[in-house]
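Residue strings, one per chain:
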Amino acid sequence: MLRERLRTIIATELEIPVAEVPLDASAETLQAWDSLGHMRIVVAIEDAMSVRFATADIPTLTSIDKLVAAIEQKS
Amino acid sequence: MPPVIRPYAPGDETGILDLYRVVFALNLTPDEWRWYYGNEAIIVVAESEGRIVGHYAVQPRPFSVMGESRLAGLVMGSMVAPEFRNITTFIDMAKRAYELCRERLVSFVYAFPNDNVWLVRRRMLDWTALPSIVSLVGRPSEGARDVSAIERVGLEDTIEAPWSDSSSIRAAHSSAFLMWRFNERPGVEYPVYVHREGGRVRGYIALKRYESTGHIVAFRVEPGAEASTGALLFARANQHFRETGVERISMWSMPASPLHSLVVAGMTPEGAGKNFGYLAFDPETSAQLADGARWDIAMCDSDVY
């Protein structure tokens, strides 16, 4: 469920079809996930899920796996 | 290996100009670079294996904050080579530049960033957003007013216009600033008109043409002379644009400007506006700058016009 929501947000922010975002997507495997796209993803997740990541952690949250772990840690 | 973040050193110019070409497709000449950055700018670069791969610059600009003199900094020329593009490099350069700003007694920095950079500045670097700046546009108006008292000033003229305003936040347009901004920029012409009375400058207006658009990039008058000198200068600018075939006029005018009510009639807001905001280096200044209604920013206060 959480992965599906993240997948949808990532697709929206990177302006690509959801089908192109696997459940284990990362900046390494998705070409559209560049540094500025990453910021859009992070801010959109914060807004949609009412979470606030530590600023220092943001550059490291570059995959769905890492985002899930960070969100679960906060909930 | 991550790039090394360090202050500018003489000799970096070639690498910086190369980076401008790669990132912005802009062929900045050495003269233009010197005009922008000169000896005053605070510049931080990212270097990898002898190559400049990142650049973050702050151009100091004196401001008046509700009548108090402050040194501000316009952030400009923020760029990272595509193959080194990551948030960390950008943020590390910005933080190093802010350290240097504090050492140089810069109170705050301001900028007009694009959407992507703006997101990073607000979320990662604690910038504060102010209302976006919307251009006012209109057609050059037909005027019946006699504007023969308005003179166009030449390159050798110094404009002494030391008027302060205790209620607004605005750049201090000293005579040195006006000379640098409008007379010394390589390859760009800024027609400047003044109104003098008794040998004293009572107001000035600076113009720029881009294709068929005429920009009013600066417009200030002595306090109390808005309806007299202000109206004459504005009429002369309209006449200049009509005579030179300009189809539309564009300018920034904020409600805090004493001339806002004069120029807003007949002009229409256009577009969503430019992102605009600041980062102050102490809480007191941050609180002073937070009221967007007090800012009085003109096109010449950015690096674009």
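Description of the structure in this document. All values derive from a computational prediction rather than experimental measurement.

**Re the overall build of chain A**
Looking only at helices and strands, chain A has three helices and zero strands in total. For chain A, the succession of helices and strands along the chain, N to C, is α-α-α. For 75 residues, the compact-globule estimate of 2.2 N^0.38 gives 11 Å, and the C-alpha radius of gyration of chain A, at 11 Å, lies within 12% of that figure. Expressed along its principal axes, the backbone C-alpha trace of chain A runs to roughly 30 × 25 × 20 Å.

**Points about the pattern of salt bridges**
Residues and elements named next belong to chain B. In this structure the tally under the stated criterion is 19 salt bridges over all chains. Two residues, Asp31 and Arg34, come together in a salt bridge whose shortest N-O distance is 2.8 Å. Note that Asp31 and Arg34 are positioned in helix α2 (residues 30-37) at a spacing of three residues, about one turn of the helix. For Asp31, a relative accessible area of 46% puts it in the partly exposed group. When salt bridges with common partners are traced through the structure, they connect Glu197, Arg200, Arg202 and Glu222 into a single cluster.

**A closer look at the packing of aromatic side chains**
All names here are of chain B. Per the counting criterion, the structure on display carries 24 aromatic pairs over all chains. Their ring planes at 65° and their centres at 5.2 Å tell us that Phe182 and Tyr190 sit as a pair that is edge-to-face. The class of Phe182 is buried, set by a relative accessible area of 4%. Among the residues examined, Tyr190 registers a relative accessible area of 5% and is labelled buried.

Quick notes on the rules
- Residues numbered from 1 in each chain as written.
- Chains lettered and ligands numbered in written order.
- Predicted model: local features only at pLDDT ≥ 70, side-chain atom pairs only at ≥ 80, totals over all residues.
- Heavy atoms only, no water.
- Helix = DSSP H or I, 4+ residues; strand = E, 2+ residues; numbered from the N terminus.
- Rg over C-alpha atoms; globule rule 2.2 N^0.38 Å.
- Salt bridge = Lys/Arg side-chain N within 4 Å of Asp/Glu carboxyl O.
- Buried < 20%, exposed > 50% of the residue type's maximum accessible area, 1.4 Å probe, protein only.
- Phe/Tyr/Trp six-rings, centres within 6.5 Å; stacked < 30°, edge-to-face > 60°.

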